[in-house]
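The primary structure of each chain is shown beneath.
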Amino acid sequence: MSDTRSDALDLTGLLGRTVGDVVVRLPKTLPPTLTVGQARAAFGDDHVHMLLVTDAGRLLGTLVRGDLPVLREEADVAEPALRYAVLAGRTIAPDVPAE
């Protein structure tokens with residue numbers, strides 16, 4: 001991968017700002033009753049890269065495609081997706097510099 005200016009991420013709009021300044025304020029969230037099948041369906045949209053599982057405004061976990069198990073039986077789609085959700089390494093404090 002080349003390291004040219006056109007390939008570099010433009011961070012100029014982030015200088016001096018915090019994560020709290022630039023975060024999406026009202027992200028789409030899914031309930032803790034989300035099933036593996038429903039999570040897989042949500043990932044059918046190529047624009048979706050992570051699912052946020054919440055309950056009463058509290059983040060319970062995040063899911064990326066690779067978190068979901070390989071389906072071995074049809075019953076697996078009804079399994080709770082929350083058991084595969086992750087928080088560690090996927091959250092950041094709002095006062096951290098955005099750049």
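The rules behind these values
Residues numbered from 1 in each chain as written. Predicted model: local features only at pLDDT ≥ 70, side-chain atom pairs only at ≥ 80, totals over all residues. Heavy atoms only, no water. Salt bridge = Lys/Arg side-chain N within 4 Å of Asp/Glu carboxyl O. Helix = DSSP H or I, 4+ residues; strand = E, 2+ residues; numbered from the N terminus. Buried < 20%, exposed > 50% of the residue type's maximum accessible area, 1.4 Å probe, protein only. Contact = heavy atoms within 4.5 Å. Core = buried A, V, L, I, M, F, W, Y, C linked by side-chain atoms within 4.5 Å. Polar contact = N/O pair within 3.5 Å; in protein donor to acceptor, adjacent residues only side chain to side chain.

Novice: Explanation requested: the pattern of salt bridges in the structure shown.
Specialist: Opposite charge on two side chains permits pairing when their charged atoms draw close. Overall, the coordinates contain 2 salt bridges when judged by the stated rule. Close ionic contact of Asp67 with Arg90 constitutes a salt bridge, the shortest N to O distance being 2.6 Å. Remark: Arg90 occurs in the segment after strand S2 (58-63) and Asp67 occurs in the segment after S2; sequence separation between them is 23 residues. Taking the relative accessible area as the measure of exposure, Asp67 reaches 17% and is therefore buried. For Arg90, a relative accessible area of 27% translates into the label partly exposed. Between Arg83 and Glu79 there is a salt bridge, and its shortest N-O distance comes to 2.8 Å. Residue Glu79 is classed as buried on the basis of its relative accessible area of 16%.

Novice: Looking at this structure, how should I read the environment of Val53?
Specialist: Along the chain, Val53 turns up in strand S1 (residues 51-55). You can call Val53 buried: its relative accessible area is 1%. Taking C-alpha positions, Val53 is 11 Å from Thr35, a pair spaced 18 residues apart along the chain. Here Val53 is in contact with Leu30, Pro31, Pro32, Leu34, Arg58, Leu59, Leu60, Gly61, Leu63 and Leu82, once residues within four sequence places are set aside.

Novice: Is there a simple way to think about the nonpolar core in this case?
Specialist: Inside soluble globular proteins, nonpolar side chains tend to come together where they are buried. In terms of nonpolar packing, the biggest core is built from 10 residues, these being Leu30, Leu34, Val36, Ala39, Phe43, Leu51, Val53, Leu63, Leu68 and Ala81. Put simply, the parts of the chain that give this core at least two residues each are helix H2 (36-42) and S1. Among residues more than four places away in sequence, those in contact with Phe43 are Val48, His49, Met50, Leu51, Leu63, Val64, Arg65 and Leu68.

Novice: How do you make sense of the side chain of Asp67 when you look at a structure like this?
Specialist: Of note is the side chain of Asp67, whose polar atom sits 2.6 Å from the side chain of Arg90. Ignoring sequence-local partners within four residues, the contact set of Asp67 consists of Thr62, Tyr84, Val86 and Arg90.

Novice: Would you mind showing me how to read unusual backbone geometry here?
Specialist: In most cases, non-glycine residues show a negative phi, while peptide bonds are predominantly trans. In this structure, Ala56 is a non-glycine residue whose phi angle is positive, near 55 degrees. Mapped onto the fold, Ala56 is located in the loop between S1 and S2.

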